[in-house]
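One-letter residues, chain by chain:
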Amino acid sequence: MRLGAGLGIKPQHFDDALAARETGLWYEVHPENYLAAGGPRRAWLRRLREAHPLSLHGVSLSLAGPDAPDAAHLSQLAALVFELAPALVSEHLAWSRLDGVYLPDLLPAVRTRQLLASVCANIGRVQDALGRAIAIEHPAHYLALPHEMDEAEFLNEMARVSGCRLLIDVNNVYVGARNLGYDAEAWLAAIDADAVAEIHLAGHSADPLLGDALLVDSHDCAVAEPVWALYRRLIARIGARPTLIERDGKVPGFAELQAERARAQAVLDGAEVCV
Amino acid sequence: MNSFDYAGFAAALWGRGDAGGLVAQPGFAVYRNTVISGCVDALIANHPSLVTLMGEAWLAGCARDYVRAYPPQDAYLVRYGAGFAAFASGMPGAEAWPWLGQVGALDYGWLECHLAADADPVPAASLAALAADTALAPHPAARWVWSGQWPLWQLWSSARSGCPPENLQWQGEGVLLSRPAGEVLACPVPQEACVFLDALAAGQALDGAVDAVCAAVASPDFSGLMQQLAGAGALVPR
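In what follows, the accompanying structure is described. All values derive from a computational prediction rather than experimental measurement.

## Brief notes about the overall build of chain A
Consideration 1: Within chain A, the regular secondary structure consists of nine helices and 12 strands.
Consideration 2: What you see for chain A is a C-alpha radius of gyration of 18 Å, in line with the 19 Å of a compact globule of 275 residues.
Consideration 3: By its C-alpha atoms, chain A is 50 × 40 × 40 Å across when sized along the principal axes.
Consideration 4: Scored against the burial criterion, the 275 residues of chain A give a buried share of 63%.
Consideration 5: Looking at chain A alone, contacts between residues at least 24 apart form 78% of all its contacts between residues at least 6 apart.
Consideration 6: Put simply, chain A shows about 10300 Å² of open surface, and 53% of that area lies on carbon and sulfur atoms.
Consideration 7: Distance from the positive charge centre (24 side chains) to the negative charge centre (36 side chains) of chain A: 5 Å.

Put into C-alpha cells, the structure is as follows:
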C-alpha cells in the first residue's frame, strides 16, 4: 500500500488507531519508547504493525555529536527494526549525547565540511547496522551560529554522500526562517526532490516571554496556515510524499487528529503522483 | 570529529559558562528549557504515587535537583530515575513521611515490571507436581517489597490511584508486582511471599526457599503462598 498521510501515535489512542482504515494511513512512533525487553508496550507496537504501516522515528542517535552512535542503543534499535520491518526509519541531524549523559533535545551544531564528514560516517554506521537507508530530519533552529554551509546544501550533500534520504519538516523550516530571518520558500525550493522520503507537519507556538519574536516547535497545537501553504507548494513541486501529522503535547481526541490528517491526505491526493 | 564546542554548549545547558556567547541569544533558553523539562517531566510521569502524596510542585522541585545531580545516562526516559524516590525522601519537606522512599520505589518497580522481558510462568495447576528440588526463579517482571514497619500496600495502592491514603491500618505490608496477562498486576502479599521470592532470586531451590520462609515466619501457609505466587504469574522454571 502506498503511504499517504500518517499520524504520530500515542498510547491513549491505541484502540482507535488499530481500528482506523483510511486509505494511505500509517503511524509513526519514537523507538526509544519501545526498546523494552518485553511487556505490553512491545506487544502493543507489534499489534499496531500487524494492522498498519509503521515508521520508527528516532530522537537519540546523536548523529551530529562528536561520537559514533551508542553501540548498545544501535543494536537494540536494529533488533526492533528487524522485528517490525517498518516502512520508514528516520533520525535527526542533531546531537543529544555527550560524555555519558543524554540531553533530551535536538541540539544544534555548526554546519562545516568537518561536520558533514562526521555526520555521513555516523549515518553510514546506522545504515550498516540496520541494513537499510534511513531518512534524516533537520530540526527547528533557535540560534544564529557561524555556519559555513547553507542548510539545504548540507542536507543535499549529506544525502548524496551517505545514501540517506531526507525527512523535510515544513514546520521546522517555517519556525527557523521566522526565528533567524531566512526565506522558507527558498529553503524548500533548494532541496533535492529525489532525496525526500517523508514530510513532517506540526504546530508551533510563540515563546511565552518573547512572543512572535521567537517561535517554538512545540507540537502542541494544529498545523499553522502558513505551514500548510508551504506544504502545498512543496508537494506541487516534488510530488506526493508520505506526510506525518505530529502532535506531542496537549494531545486532542483521535477524531481531531484524523481531521488534520485528512487535510494532508487531500493535498497528496491532489498532487500528481511522483515516483 | 569536528571543532564545534559540544562541551561548552552542554555545560551552558546546566547553567555553567556562556557557550561562547550563545546564551546571550534568546533562543538558547529554548534548548535549556527543553532539556530540563524533558528530564523533570519524565521523573514526574514515572512516579505517579509521589505526585499524589507530595503534590506536583514539591516533586518538580526535587526533580530539578535530581536532574542536575543525576542526569539521564541513556535515551530511555521511560525508565529514568532509579534513585529518585530515595533522593526525594531525603529532601526538605519529606521528614514527616518516613515511608516515602519505599512507596516511590514501588513506582519505579512498576516501571521495571512493565518493561521487563516476557517469560512463560509456571501455571498454578502444575504446582502439586513440583518436586522438592525443583529449580524455580522469580519471573523477570516480578518485583516485591516487604515492609515490617509500614502499610506499604495501603499507602502505595491508594496513592497510585490518585487518592491520598486515609484510615490506614498501621501494620507491616508487602507488595508484589507481576505481569500474569500482559499488563502489570499489583497485589498485597504477606512476608513469607517476599522471603520466598528473595530466596529464589538468590538461587535457592524449592526446598531451600521453604527453609528460608520457615526460619523467618511462624507457621507459614505454603499452599496459599504457592497458589498466590503462581496465580500472579510470578514464578518461572529456572
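## Brief notes about the sheet that holds strand β2 (residues 143–147) of chain B
Residues and elements named next belong to chain B.
Consideration 1: The strand order across the open sheet formed by three strands is β2-β3-β4, and the pairing between neighbours is antiparallel. The sheet is open, and its two borders are formed by β2 and β4 (183–189), each paired with just one other strand. The mean angle between the axes of side-by-side strands here comes to 20°, regardless of whether they run parallel or antiparallel.
Consideration 2: Alignment of β2 against strand β3 (residues 173–181), held across five bridges, turns out to be antiparallel. Paired with Trp146 across the bridge in β3 is Gly174.

## Some details on the interface of chain B and chain A
Consideration 1: Contacts between the two partners involve 37 residues from chain B, matched on the other side by 42 residues from chain A.
Consideration 2: A combined buried area of about 3300 Å² lies between chain B and chain A, and 68% of that area is made up of carbon and sulfur atoms.
Consideration 3: Together, Tyr6, Tyr31 and Tyr76 of chain B form the three largest contributors to the area buried by chain B at its contact with chain A, with a combined 22%.
Consideration 4: Counting across the interface, chain B meets chain A through zero salt bridges.
Consideration 5: Across the chain B-chain A interface, the total number found is 10 residue pairs in polar contact (both at pLDDT 80 or more).
Consideration 6: Breaking the side of chain B that touches chain A down by element, the ones donating at least two residues are α1 (6–13), α2 (28–45) and α6 (100–115) of chain B.
Consideration 7: Here the side of chain B that touches chain A gets seven residues from one element, more than from any other, and that element is α2 of chain B.

## Side note on the packing of aromatic side chains
Consideration 1: Counted according to the given criterion, the structure contains 18 aromatic pairs over all chains.
Consideration 2: With a centroid separation of 6.4 Å and 70° between ring planes, the pair formed by Trp95 of chain A and Phe4 of chain B is classed as edge-to-face. Here the residue Trp95 of chain A occupies a position in strand β5 (residues 95–98), and Phe4 of chain B occupies one in the segment before α1, the pair thus bridging two chains.
Consideration 3: A residue is classified by how much of its surface remains accessible, and Trp95 of chain A, at 0% relative accessible area, is buried.
Consideration 4: Between Tyr66 of chain B and Tyr80 of chain B, the aromatic rings sit 5.9 Å apart at their centres with planes inclined by 50°, giving tilted as the arrangement. With Tyr66 of chain B in helix α4 (residues 56–69) and Tyr80 of chain B in the loop between α4 and α5 (84–89), this pair connects stretches of sequence that are 14 residues apart.
Consideration 5: Residue classification places Tyr80 of chain B among the buried positions, given a relative accessible area of 8%.
Consideration 6: Chaining the aromatic ring pairs together yields one cluster made of Trp95 and Tyr142 of chain A together with Phe4, Tyr6, Phe9, Phe28 and Tyr31 of chain B.
Consideration 7: When the ring centre of Trp110 of chain B is taken as reference, the NZ or CZ atom of Arg160 of chain B above it lies at 4.6 Å.

## Quick look at helix α10 (residues 222–231) of chain B
For an α-helix, 3.6 residues make a turn, and residues three or four places apart therefore share a direction.
Residue and element names in this part refer to chain B.
Consideration 1: Leu225, Met226, Leu229 and Ala230 are the residues of α10 that are buried. The buried residues of α10 all sit within an arc of 115° when viewed along its axis, so they share a single face. Residues of α10 that are exposed and angled more than 90 degrees away from the buried face: Ser223 and Gly231.
Consideration 2: Summarising the contacts, the buried residues of α10 are in contact with β1 (136–138), β3, α8 (191–201), α9 (206–216) and β5 (235–237).
Consideration 3: Here α10 starts with a cap whose side-chain oxygen sits 3.4 Å from the backbone nitrogen of Ser223, and that cap is Asp221.

How each quantity is defined
Residues numbered from 1 in each chain as written. Chains lettered and ligands numbered in written order. Predicted model: local features only at pLDDT ≥ 70, side-chain atom pairs only at ≥ 80, totals over all residues. Heavy atoms only, no water. Helix = DSSP H or I, 4+ residues; strand = E, 2+ residues; numbered from the N terminus. Rg over C-alpha atoms; globule rule 2.2 N^0.38 Å. Buried < 20%, exposed > 50% of the residue type's maximum accessible area, 1.4 Å probe, protein only. Contact = heavy atoms within 4.5 Å. Areas by Shrake-Rupley, 256 points an atom, 1.4 Å probe, with all protein chains shown as cover. Lys, Arg positive; Asp, Glu negative; His and termini not counted. Charge placed at Lys NZ, Arg CZ, Asp CG, Glu CD. Pairing = 2+ DSSP bridges. Axes fitted to C-alpha atoms, helices over the stretch in contact; angles between N-to-C directions. Buried area = accessible area lost by both parts, 1.4 Å probe. Salt bridge = Lys/Arg side-chain N within 4 Å of Asp/Glu carboxyl O. Polar contact = N/O pair within 3.5 Å; in protein donor to acceptor, adjacent residues only side chain to side chain. Phe/Tyr/Trp six-rings, centres within 6.5 Å; stacked < 30°, edge-to-face > 60°. Lys NZ or Arg CZ within 6 Å of the ring centre and 35° of its normal. Arc of directions from axis to C-beta.

This is a description of form; function is not addressed.
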